[in-house]
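# Overview (structure and organization)
Listed here are the chains, written in short residue letters.
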Amino acid sequence: MPAITVDDITVLPRVSAPDPATATTRPVLGTVQAPNAYEGEGFPVRRAFAGIKQQYLDPFIHMDQMGEVEYAPGEPKGTDWHPHRGFETVTYILDGIFEHQDSHGGGGVITNGDTQWMTAGSGLLHIERPPESLVISGGLFHGLQLWVNLPSAKKMSPPRYQDIRAGQVALLSSDDGGVLLRVVAGELAGHGGPGVTHTPITLVHATVAPGATLRIPWDPRFNALVYGMSGQGWVGAERAPLHTGTLAVLGDGDAIELGADVHQDARHAAGLEVYLLGGLPIREPVAHYGPFVMNTKQELQQAFEDYQAGRLGTIPN
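What you are looking at is a predicted structure, and each value in this text was computed from that prediction instead of being measured.

Bringing the sheet that holds strand S25 (residues 272-279) into the picture now. The strand order S1-S14-S15-S18-S25-S20-S23-S2 describes an open sheet built from eight strands, whose pairing is mixed. The two strands at the open ends of the sheet, each matched to only one other strand, are strand S1 (14-15) and strand S2 (28-33). Pairing geometry for S1 and strand S14 (residues 170-174), over two bridges, is parallel. Its bridge partner lying in S14, Arg14 is registered against Ser173.

Here you go:
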């Protein structure tokens, strides 16, 4: 997995494990297995949040795991131009290359460990696709796209684009050196990631070596979700099984605990890859349909009317 790593994890700042005598490990409220689906022009995804009530996801709306898939030449696919309003998309690429362009002037190419952070806000059009070179050659593709809600007061914010390179993320180690932590946004144990957020959140990609355990502090005001991207392991004091496509919803507390199985398959010998995400709940009504996330049905209708009238932007030449 080419997402940014280091040759010697022991040189990184270490995150001290919370004291078990004073910190409360978040319990596992439940786990679900993400169903398979197809997005855009037909690229395979896992719908990570399918079947989870919004009260446990808030402030997040939707997340797709894109791949992990080995494309044959001619197979890589993306999306056509489409609109968004009222939220942010966070696209994190572990393997492969993806292009983004939007009607507000944002865009670029991201690859191993990079993130594209698009604040749709008041509305724009955008397109995501593999570059022509990848379409011709084929190859490995693996990533995540997360939708982060915006509070009503910020839903009509001006669109914004952040191009976050892999080398910008905060790299940390667990206290025993068995886990590499990449902080993409928010804060973990006083270490901040590069993503600038409208809604207070924390996003962390962790690589847990076979047999290693991770115990880290987590803001008690935030919700907590743990998603298995690849490998085999467990989460919580209950040691609930965690593997590719498993989402664990955690309850209240100020610490998260998880670990990797000693034996991993050959393809994922590095261990368990997990995405840790949490945020301050917005606790507002959510009206979500297709590419729009608003607070009321009337606002959804207005978004569709604005899109049809061309008020969300025009496709660039």
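Now that the structure is up, let's keep going.
Core analysis: the largest hydrophobic core is formed by 34 residues, its most contacted members being Phe49, Phe60, Leu146, Leu203, Tyr227, Tyr275 and Leu277. Where this core is concerned, the elements lending two or more residues are strand S5 (60-71), strand S7 (87-95), strand S12 (139-149), strand S15 (179-185), strand S18 (201-208), strand S20 (224-230), strand S23 (246-250) and S25. If sequence neighbours within four positions are ignored, Leu146 has contacts with Phe49, Phe60, His62, Met63, Glu88, Thr89, Val90, Leu203 and Leu277. Among the nonpolar cores identified, the runner-up in size contains 29 residues, and Val28, Val183, Ala212 and Ala248 belong to it.

All chains considered together, the criterion is met by ten salt bridges. Among the ionic pairs, Asp64 bridges to Arg47, the shortest N-O distance being 2.4 Å. A residue pair is termed long-range when its members are at least 10 positions apart, and Asp64 in strand S5 and Arg47 in strand S4 (residues 43-47) qualify at 17 residues. Under the relative-accessibility criterion, Asp64 is labelled buried at 6%. Residues Asp219 and Arg221 are paired through a salt bridge, measuring 2.8 Å at the closest nitrogen-oxygen approach. Residue classification places Asp219 among the partly exposed residues on the basis of a relative accessible area of 25%. What emerges from the salt-bridge pattern is a single network uniting Arg85, Asp306 and Arg311.

Along the chain, Asp58 connects to Pro59 via a cis peptide bond; the corresponding omega equals 20 degrees. Mapping Pro59 onto the fold places it in the loop between helix H1 (54-57) and S5. Unlike most non-glycine residues, Ala189 shows phi in positive territory, near 50 degrees. If you trace the backbone, Ala189 turns up in the loop between strand S16 (187-188) and strand S17 (191-192). In this model, Arg239 sits at a positive phi of 55 degrees, which is unusual for a non-glycine residue.

Moving on to the packing of aromatic side chains. One pair of aromatic rings is described through two measures. These are the centre distance and the angle between the planes. Tallying each qualifying case throughout the model produces five aromatic pairs. With centroids separated by 6.0 Å and ring planes inclined at 15 degrees, the aromatic side chains of Tyr92 and Tyr275 adopt a geometry described as stacked. Of the two residues, Tyr92 sits in strand S7 while Tyr275 sits in strand S25, which places them 183 residues apart along the sequence. A relative accessible area of 1% places Tyr275 in the buried class. Here the aromatic rings of Phe292 and Phe304 are separated by 4.9 Å at their centres, their planes lie at 90 degrees, and the arrangement is edge-to-face. Of this pair, Phe292 sits in strand S27 (residues 292-294) while Phe304 sits in helix H3 (residues 297-308), placing them twelve residues apart in sequence. Of the residues examined, Phe292 reaches a relative accessible area of 0% and is grouped as buried.

About the criteria used
- Residues numbered from 1 in each chain as written.
- Predicted model: local features only at pLDDT ≥ 70, side-chain atom pairs only at ≥ 80, totals over all residues.
- Heavy atoms only, no water.
- Pairing = 2+ DSSP bridges.
- Helix = DSSP H or I, 4+ residues; strand = E, 2+ residues; numbered from the N terminus.
- Core = buried A, V, L, I, M, F, W, Y, C linked by side-chain atoms within 4.5 Å.
- Buried < 20%, exposed > 50% of the residue type's maximum accessible area, 1.4 Å probe, protein only.
- Contact = heavy atoms within 4.5 Å.
- Salt bridge = Lys/Arg side-chain N within 4 Å of Asp/Glu carboxyl O.
- Phe/Tyr/Trp six-rings, centres within 6.5 Å; stacked < 30°, edge-to-face > 60°.

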